[in-house]
Amino acid sequence: MTNITKSSKVNFLSGPVWKCIITQAIPLTIAQLVQLLYNVVDRIYLGHMGDGDGMALTGVGLTFPVVTLIMAFTALFGTGGVPLFSMARGANEEEKAKEILGNSFALLLCSSVVLTAVGYLFSKPILFAFGASEESYVYAKEYLDIYLIGTVFSMITTGLNGYINAQGFPKIGMCSIIIGAVCNIILDPIFIYGFDMGVSGAALATIISQGISASWVLRFLTGQKATVPLRLKNIAVKPHITKEIVKLGSSNFIMQGTNCLVQVVCNSTLQIFGGDLYVGVMTVANSVREIFMLPVSGIVGGAQPVISYNYGARQYERVRSGIRFNTLIGSAYTLFAWLLIVLFPSFWFGIFSDDIQMMDVGIEALKIYFFGFVFMALQFAGQSTFQAVGDAKHAIFFSLLRKAIIVVPLTLVLPHLGFGVNGVFLAEPISNLIGGTAAYLTMRMTVYKKIEKCRMQN
């Protein structure tokens, strides 16, 4: 690991900012791509199982809100501390950085235990509230009962991996995800087909793989190669640090939490207006969206520690340069991605399902759902910048605006205004346009003003 570590570390204060971001973003994107394979590979295998494949895919899709909620708490206690961690390092406050890391780990452990218990106690009412029918509930419960065992592994891997990237070791962070995902790719067909376990096999392969990834992350952070290591004496929940972590993590928590809310509202509305078939279509639409979100998410993730570090080091021109690059490359990519979906919708849909009935209605839904995808780049550019400079107030507001204030009401109202099931898919592009534009323009008016003021004071 010594050679990898030495060659992987990135100095956020030297060289072109765009190069620092790309150096971080490429391995991070690869890591996120492989991370996505945990669930995507499950859906691909289940969507092509043969008889009943559509219902198995629908059932697994019903667990998305639960998985998203777990990720919301991971973002709150894990990702929420990374900007603080980066700013502390940029200000040469190493001991403070160690305390933030230890505090974040303690919060992830405690919350994983609570979420696992709640999941087992209330799985049935939760799944039916999320849009399950008697038929799809069987598949959803079969998957969830096993998936919940790996909650602690999932939260540690995702929640702590950002601290590896924030120390300038993006390749190590990439490896932590790749190791688990490769195991998942290998184990999925063995358990699903070889052992004829179906949905249960997909879940079992996932939690074993997540356990391996979590072990890798902890091994690095507690080892000699970490610049800021995780030490037992720092693993504690300290109120003042927890307050700051939660304050910054709230925006990501709300973003993930509102994603959960949107998934619940979409599934339940689609169940009313279209039944299990359209819940399955939404499962495919979300899966395709996850694939296309990866590069822009990788750019944003790569830019955030670079911007935070330079902000903490008072290198304000580098901060502005990072924001510009973040916005331009994200916009170019999302425009290209939107064109690919519009031109080849059947290809993307066919990756996840060969159910003819589902594909017939799903292709048109996919085109509607991704219309105006380019505006997501503005949402991410604004949102990530607010987080990177510690502006929790605006980050939280714009997390709420796009999903809770725009998408949820539109999802509930549009189907009743004559749009039917298409109204559910139409809510997404409308929210991208309004929410993304508002977030970006506000960021330009507030963060740039703040940066200029700090620059003049120096």
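Here, the structure is the one placed above.
Keep in mind the model is a prediction, meaning the values are calculated, not measured.

**Q** What should I look at first to understand the overall build of the protein chain in this one?
**A** A tally of regular secondary structure across the protein chain gives 19 helices and zero strands. Taking 2.2 N^0.38 as the reference for a compact globule, 458 residues should give roughly 23 Å; the C-alpha atoms of the protein chain span a radius of gyration of 21 Å, in line with that estimate. Based on the C-alpha atoms only, the size of the protein chain along its principal axes is roughly 65 × 45 × 35 Å. A burial count over the protein chain gives 58% of its 458 residues as buried.

**Q** Could you clarify how one ought to interpret the packing of helix α9 (residues 151-166) against helix α11 (residues 199-221) in this entry?
**A** Between two packed helices, the angle of one axis relative to the other and the distance separating the axes together describe the packing. Packing of α9 against α11 brings their axes to within 8 Å, and their N-to-C directions diverge by 35°. Both α9 and α11 take part in a crossing whose hand is left-handed. Where α9 approaches α11, its residues F153, S154, I156, T157, L160, N161 and I164 are matched on the opposing element by I207, Q210, G211, S213, A214, V217, L218, F220 and L221. In the contact of α9 with α11, the residues fall into ten nonpolar, six polar and no charged.

**Q** Which parts of the structure should I look at to understand the environment of S215?
**A** Mapped onto the elements of the fold, S215 is located in helix α11. By relative accessible area, which is 47% here, S215 ends up partly exposed. Sequence-wise, S215 and I190 are 25 residues apart; in three dimensions their C-alpha atoms are separated by 23 Å. A polar contact is formed between the side chain of S215 and the backbone oxygen of G211, at a distance of 3.0 Å.

**Q** Would you mind going over helix α8 (residues 134-147) with me for this structure?
**A** Residue pairs spaced three or four apart in an α-helix point in one direction, given the helix's 3.6 residues per turn. Between its first and last C-alpha, α8 extends 20 Å over 14 residues, near the 20 Å set by a 1.5 Å rise per residue. Of all the residues in α8, the buried ones are S136, Y137, A140, Y143, L144, I146 and Y147.

**Q** What's the story with the side chain of S250 in this structure? I'm lost.
**A** The residue S250 is located in helix α12 (residues 239-273) in this model. The exposure class of S250 is buried, given its relative accessible area of 15%. Within polar-contact distance, the side chain of S250 engages the backbone oxygen of V246 at 2.4 Å. The residues contacting S250, other than those within four sequence positions of it, are L76 and I396.

**Q** Mind showing me how you'd approach the pattern of salt bridges here?
**A** Between side chains of opposite charge, a pair can form as their charged atoms come close. Applying the stated rule across the entire model yields seven salt bridges. Ionic pairing is found between E99 and K238, a salt bridge with its closest N-O pair at 3.4 Å. In this pair, E99 is assigned in helix α6 (residues 94-121) and K238 in the loop between α11 and α12, connecting sequence segments 139 residues apart. Of the residues examined, E99 reaches a relative accessible area of 27% and is grouped as partly exposed. Its salt-bridge partner being R324, residue E317 comes within 3.8 Å of it at the nearest N-O pair. On the basis of relative accessibility, which here comes to 47%, the residue E317 falls in the partly exposed class. Each of R289, R402, K403 and E428 takes part in a single network of salt bridges with overlapping partners.

**Q** Got a minute to help me understand the nonpolar core in this structure?
**A** As a rule of thumb, soluble globular proteins bury nonpolar side chains together. In terms of nonpolar packing, the biggest core is built from 124 residues, with L160 and F425 touching the most fellow members. At 15 residues, the largest contribution of residues to this core is made by helix α13 (residues 276-312).

**Q** Sorry, what's going on with the environment of Q24 here?
**A** When you line up the elements, Q24 lands in helix α2 (residues 17-47). Among the residues examined, Q24 registers a relative accessible area of 2% and is labelled buried. Along the chain, Q24 and V300 lie 276 residues apart, while their C-alpha atoms are 9.8 Å from each other.

**Q** Please explain the packing of aromatic side chains as it appears in this structure.
**A** For any pair of aromatic rings, the description rests on two quantities: the centre-to-centre distance and the angle between the ring planes. Enumeration according to the criterion identifies 15 aromatic pairs in this entry. Plain terms: the ring middles of Y143 and Y147 are 5.8 Å apart, the flat faces sit at 20° to each other, and that makes the pair stacked. Linking Y143 with Y147, this pair stays in helix α8, spanning four residues, or about one helical turn. The same class applies to Y143 as to Y147, namely buried. Plain terms: the ring middles of F370 and F373 are 5.6 Å apart, the flat faces sit at 70° to each other, and that makes the pair edge-to-face. On the basis of relative accessible area, F373 is assigned to the buried category, the value being 2%. Ring-pair connections join several aromatic residues into one group, and the members of that group are Y369, F370, F373 and F425. Taking NZ or CZ as reference, R444 lies 4.4 Å from the ring centre of Y448, over its face.

**Q** What's the story with the packing of α13 against helix α15 (residues 345-352) in this structure? I'm lost.
**A** The N-to-C vectors of α13 and α15 enclose an angle of 105°; their axes lie 9 Å apart at closest approach. When the axes of α13 and α15 are compared, the pair comes out roughly perpendicular. Touching V281, V284, S287, V288, I291 and F292 of α13 are W348, F349 and F352, all from α15. Tallied by class, the residues present in the contact of α13 with α15 amount to eight nonpolar, one polar and no charged.

**Q** Where do I start with a nonpolar patch on the surface in this structure?
**A** On the surface, L335, L339, L343, F344 and F347 cluster together into a nonpolar patch covering about 510 Å² of accessible area. Topologically, F344 is positioned in the loop between α14 (316-343) and α15. Taking relative accessible area as the criterion, F344 reaches 45% and is therefore assigned partly exposed.

The rules behind the values
Residues numbered from 1 in each chain as written. Predicted model: local features only at pLDDT ≥ 70, side-chain atom pairs only at ≥ 80, totals over all residues. Heavy atoms only, no water. Helix = DSSP H or I, 4+ residues; strand = E, 2+ residues; numbered from the N terminus. Rg over C-alpha atoms; globule rule 2.2 N^0.38 Å. Buried < 20%, exposed > 50% of the residue type's maximum accessible area, 1.4 Å probe, protein only. Axes fitted to C-alpha atoms, helices over the stretch in contact; angles between N-to-C directions. Left-handed = near helix turned anticlockwise from the far one by under 90°. Contact = heavy atoms within 4.5 Å. Nonpolar A, V, L, I, M, F, W, Y, C, P; charged D, E, K, R; others polar. Polar contact = N/O pair within 3.5 Å; in protein donor to acceptor, adjacent residues only side chain to side chain. Expected span 1.5 Å × (residues − 1). Salt bridge = Lys/Arg side-chain N within 4 Å of Asp/Glu carboxyl O. Core = buried A, V, L, I, M, F, W, Y, C linked by side-chain atoms within 4.5 Å. Phe/Tyr/Trp six-rings, centres within 6.5 Å; stacked < 30°, edge-to-face > 60°. Lys NZ or Arg CZ within 6 Å of the ring centre and 35° of its normal. Parallel < 35°, antiparallel > 145°, perpendicular 65-115°, else oblique. Patch = residues over 30% accessible without salt bridge, like charges linked within 9 Å, V, L, I, M, F, W, Y side chains within 5 Å. Areas by Shrake-Rupley, 256 points an atom, 1.4 Å probe, with all protein chains shown as cover.

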